[in-house]
Amino acid sequence: VLQKYDSDEGMPVPSACHCKQLCLDHVDEGCASWSFWREADSAWSEAGTPRTRTVCFLLTQDFSGASTGAHPDWTSGGVDLVLRDLNGRTSATAGQEFELTVRGVGFPVESTKQRLKVVPFDGHCGSLIPREVTRMSCSNPYICHPPPVSATARSATWRTKIFAGPTTMRYKACYCAGPCFSSGHWTEVPGSFVVARSRYTWTSEPAHVTY
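These notes cover the structure that comes with them.

The rules we used
Residues numbered from 1 in each chain as written. Predicted model: local features only at pLDDT ≥ 70, side-chain atom pairs only at ≥ 80, totals over all residues. Heavy atoms only, no water. Helix = DSSP H or I, 4+ residues; strand = E, 2+ residues; numbered from the N terminus. Buried < 20%, exposed > 50% of the residue type's maximum accessible area, 1.4 Å probe, protein only. Contact = heavy atoms within 4.5 Å. Areas by Shrake-Rupley, 256 points an atom, 1.4 Å probe, with all protein chains shown as cover. Lys, Arg positive; Asp, Glu negative; His and termini not counted. Charge placed at Lys NZ, Arg CZ, Asp CG, Glu CD. Pairing = 2+ DSSP bridges. Phe/Tyr/Trp six-rings, centres within 6.5 Å; stacked < 30°, edge-to-face > 60°. Lys NZ or Arg CZ within 6 Å of the ring centre and 35° of its normal. Disulfide = S-S within 2.5 Å. Arc of directions from axis to C-beta. Salt bridge = Lys/Arg side-chain N within 4 Å of Asp/Glu carboxyl O.

### A look at the overall build of the protein
In step 1: If you tally the helices and strands in the protein, you get one helix and 16 strands.
In step 2: Evaluated residue by residue, the protein yields a buried proportion of 34% over its 211 residues.
In step 3: Here the contacts in the protein between residues at least 6 apart in sequence split such that 66% fall between residues at least 24 apart.
In step 4: Accessible surface for the protein amounts to roughly 12500 Å². Of this, 52% is attributable to carbon and sulfur atoms.
In step 5: Charged side chains in the protein number 20 positive and 20 negative. The centres of these two groups are separated by 12 Å.

### Overview of the pairing of strand β7 (residues 98–105)
In step 1: Judged by how many residues are buried, β7 sits mostly within the fold: six of eight residues are covered.
In step 2: In this sheet, β7 lies alongside strand β5 (residues 82–85) in antiparallel orientation, the contact comprising three bridges. From the neighbouring strand, Val82 faces β7, where its bridge partner is Val105.
In step 3: Bridge count between β7 and strand β13 (residues 155–162): six bridges; the pairing is antiparallel. The residue bridging Leu100 from the neighbouring strand is Trp158, located in β13.

### Some words on the packing of aromatic side chains
In step 1: Here the structure, examined in full by the defined rule, presents six aromatic pairs.
In step 2: Look at Trp37 and Trp74: their rings are 6.4 Å apart centre to centre, the planes differ by 40°, and that puts the pair in the tilted class. Residue Trp37 is located in strand β2 (residues 33–44), and its partner Trp74 is located in strand β4 (residues 74–78); the two are separated by 37 residues in the primary sequence.
In step 3: What links up through ring pairs into an aromatic cluster is the set Trp37, Phe57 and Trp74.
In step 4: Across from the ring centre of Trp186, 5.7 Å away, lies the NZ or CZ of Lys117, which sits over that ring.
In step 5: Across from the ring centre of Phe121, 5.9 Å away, lies the NZ or CZ of Lys172, which sits over that ring.

### Considering the state of the cysteines
In step 1: Per the stated rule, a full pass over the model turns up five disulfides.
In step 2: Two residues, Cys125 and Cys174, share a disulfide whose sulfurs are 2.2 Å apart. Here the S-S torsion is close to -90°, and the disulfide linking Cys125 with Cys174 is therefore left-handed. You can see Cys125 sitting in the loop between β8 (115–120) and β9 (133–134) and its partner Cys174 sitting in strand β14 (residues 169–176), a full 49 residues away along the chain. Note on accessibility: Cys125 and Cys174 belong to one class, buried.
In step 3: A sulfur-sulfur distance of 2.0 Å marks the disulfide that ties Cys138 to Cys144. What sets the handedness of the Cys138 and Cys144 disulfide is the S-S torsion sign, and at about 100° it is right-handed.
In step 4: Here Cys138 falls in the partly exposed class, since its relative accessible area comes to 27%.
In step 5: When its relative accessible area of 2% is taken as the criterion, Cys144 is described as buried.
In step 6: When the bonded cysteines of the protein are numbered from the N-terminus onward, they pair as 1-4, 2-3, 5-8, 6-7, 9-10.

### A closer look at helix α1 (residues 16–25)
In step 1: Restricting attention to buried positions, one finds in α1 the residues Ala16, Cys19, Leu22 and Cys23. For α1, the buried positions fall inside an angular range of 115° around the axis, keeping them on one side.

### Observations concerning the pattern of salt bridges
In step 1: This model, assessed by the stated rule, comprises nine salt bridges.
In step 2: Between Asp80 and Lys20 there is a salt bridge, with the nearest N and O atoms lying 3.1 Å from each other. With Asp80 in the loop between β4 and β5 and Lys20 in helix α1, the pair connects residues that are 60 residues apart, well separated along the chain.
In step 3: Residue Glu97 is joined to Arg135 by a salt bridge in which the shortest nitrogen-to-oxygen separation is 3.1 Å. On the criterion of sequence distance, the pair formed by Glu97 in the loop between β6 (91–92) and β7 and Arg135 in the loop between β9 and β10 (137–140) is long-range, its members being 38 residues apart.
In step 4: Here Arg135 falls in the partly exposed class, since its relative accessible area comes to 43%.

Listed below in structure tokens is the structure:
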């Protein structure tokens, strides 16, 4: 248990929605799920109304609906998808395959529908994947492949390879939980990484050669 809010201890939480919001507010501290208990007991107050007690638990374990049972006094759930970062990645070696991992909480159970695309740092989630980025492709700006090579409730990982260009390039990533076919389905992942420029470059005179 990360935190407990008990109305009998002077920390009332009025509803399950408020309990979930508290979990979202504490995501950076490790909150991944929550449970809210509300009970009106048979002890009557001096005002003649039933006495109600509420307890909100903020939990660090991932929520699984399959492992919980229904109870009239309890409401439980996970948090909405929250993207944290690219697993601390700040650079990648040109021409070598590497893993790009998106970390957060609340990743979907259906992992095969998740998608990731790498775009220029000054671009947006509707930008095309640069030609030098391989192992990823899109038939249009919002329908992309492949699914992740591995996924959990807190991360998803793709493999990609980026070839060097004449200048050092900075990239960022956009994530879609699925299904993915419009701009509203994609979210920019916090963080960015660089790929160093090629050590060798070639030019032609004239710059554009025609046959």
